[in-house]
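Analysis of the macromolecular model
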Amino acid sequence: MNTPAPKETTEAEATQTFCAVCLSLTLCFVVYSMLIVVVPVYGLQLGASPLVLGAVLSAQYLLPLALAIPLGGVVSRFGGRATLITGAGLMVAGLLAMYLWPGFGGLVLGQLLVGLAHLQMVLAAQTIIANLGAGPRLEKYFGWYSTWLSGGQVIGPLLAGLLLNASGTAYVFLVMAAFALVAGVVGFWLTGQSTERIQVTRKQAGFRAQWVLMQSNRGVQLSVLVTVLGMFALGVYGSYLPVYLESLAISPVIIGILVSLRAGVSMVIRPFMASIIQLAGGRVNTVLLSLVTVSAGIALLGATEQVVVMGLLAVLVGIGSGLTQPLSMVILAESVDRAKRSGALGMRLMANRAIHFLAPLMFGLLLELGGFALAFGASGVAIAAALPIGRKLFKP
């Protein structure tokens, strides 16, 4: 099926669209990163064991795992703006479910809805931005987009820690619902290509099409490898660092600071992505070096109880994750044409959510078997073990 040529996007439309996407998704990530702190603490208050807590944390990734690729077709057919706004409404519903239905039932339902909503918003935003440019311009857009999201990830845990310290979990879900509502309202400012619809067939956007693309497209393969390794590290770090700190009787405010530190480092480093790529000798070298820092930060995290050392390890994880994620998106966006882009981004996000789903469960099992030192250490070693495979497959 031939894809109609997109309308020419003016500089003003591109700027307005980019700013609206960044603001909306920053608010989305404020909510998402608040949940990283709130859900483990709330689960422990409900008496969850490590394995049960892992299941609750993983529930957020169930629907995205199944629906990421179909949602890529939805973004193409209905446009990025409509998909983003609908996702924000779904996120509000999930957060209200957590507030109105106390206990594990509301928590799991809310996790399911928020996970699907987050996927919709992220997939819509990535597709919109991927259509705004190419080459260095696209690197710039994705670098700054990721910087905005890191800002949300810095603010979220800090705000969650302050709210938990002040009033426990009584009102924190309502505050998050308010942020999600504003994110949806901002979506109405999107313009230009974000409102366009592309009539794609199942052959172009379905599971089989993405599997063929994964088998044949080197850029897609590299992008998925990067996101699987990077998201495994962040899944372990985000899900169980608050639990580890809670077990050490560290206050919610300090927990929020340590979780935010990783995102803060990522935010600072992303505007310099182009210079770092040049110094490292290319995108592939940058990806591999970034994953080395992530694996080292994760592996050593359970070996210390010192807050300062944990902060230094958070910096390592922040440097690595700050570069791998925008690079993964740029590599994929430039490897497929416009008609296939939403579906390919959906496949990348499916891999992302699959590893996010599995990481807490695997970590929870290791935690019950041998404690935090074994669980964090084994997770870091697993990431490092995959690096030689990546270098062999994608040697620049």
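Look above for the structure.
My aim in this report is to walk through the structure given alongside it, one point at a time. (Residues numbered from 1 in each chain as written. Predicted model: local features only at pLDDT ≥ 70, side-chain atom pairs only at ≥ 80, totals over all residues. Heavy atoms only, no water.)

1. Here we look at the environment of T147
Inspection of the secondary structure puts T147 in helix 6 (residues 135-167). When sequence neighbours within four positions are dropped, the list of residues in contact with T147 reads M267, R270 and P271. (Helix = DSSP H or I, 4+ residues; strand = E, 2+ residues; numbered from the N terminus. Contact = heavy atoms within 4.5 Å.)

2. Observations concerning the packing of helix 1 (residues 11-45) against helix 10 (residues 218-247)
Viewed as axis vectors pointing N to C, helix 1 and helix 10 meet at an angle of 50 degrees, and their least axial separation amounts to 9 Å. Of the possible angle classes, the one that applies to helix 1 and helix 10 is oblique. Along this stretch, helix 1 crosses helix 10, giving a crossing that reads as right-handed. In this structure, helix 1 contributes I36, P40, V41 and L44 to the contact, and helix 10 contributes G238, S239, P242, V243 and E246. (Axes fitted to C-alpha atoms, helices over the stretch in contact; angles between N-to-C directions. Parallel < 35°, antiparallel > 145°, perpendicular 65-115°, else oblique. Left-handed = near helix turned anticlockwise from the far one by under 90°.)

3. Some words on the packing of helix 12 (residues 273-280) against helix 13 (residues 283-301)
Across the interface, helix 12 lies against helix 13 with an axial gap of 8 Å and an inter-helix angle of 100 degrees. As judged from the angle between their axes, helix 12 and helix 13 are roughly perpendicular. Residue-level inspection shows I276, I277 and A280 of helix 12 in contact with helix 13, the latter providing R283, N285, T286 and L289. Across the contact of helix 12 with helix 13, the residue classes break down as four nonpolar, two polar and one charged. (Nonpolar A, V, L, I, M, F, W, Y, C, P; charged D, E, K, R; others polar.)

4. Overview of a nonpolar patch on the surface
Together, L23, W144, W148, F188 and W189 make up an exposed nonpolar region whose accessible area comes to about 550 Å². Tracing the chain through its elements places L23 in helix 1. Owing to a relative accessible area of 31%, L23 belongs among the partly exposed residues under this scheme. (Patch = residues over 30% accessible without salt bridge, like charges linked within 9 Å, V, L, I, M, F, W, Y side chains within 5 Å. Areas by Shrake-Rupley, 256 points an atom, 1.4 Å probe, with all protein chains shown as cover. Salt bridge = Lys/Arg side-chain N within 4 Å of Asp/Glu carboxyl O. Buried < 20%, exposed > 50% of the residue type's maximum accessible area, 1.4 Å probe, protein only.)

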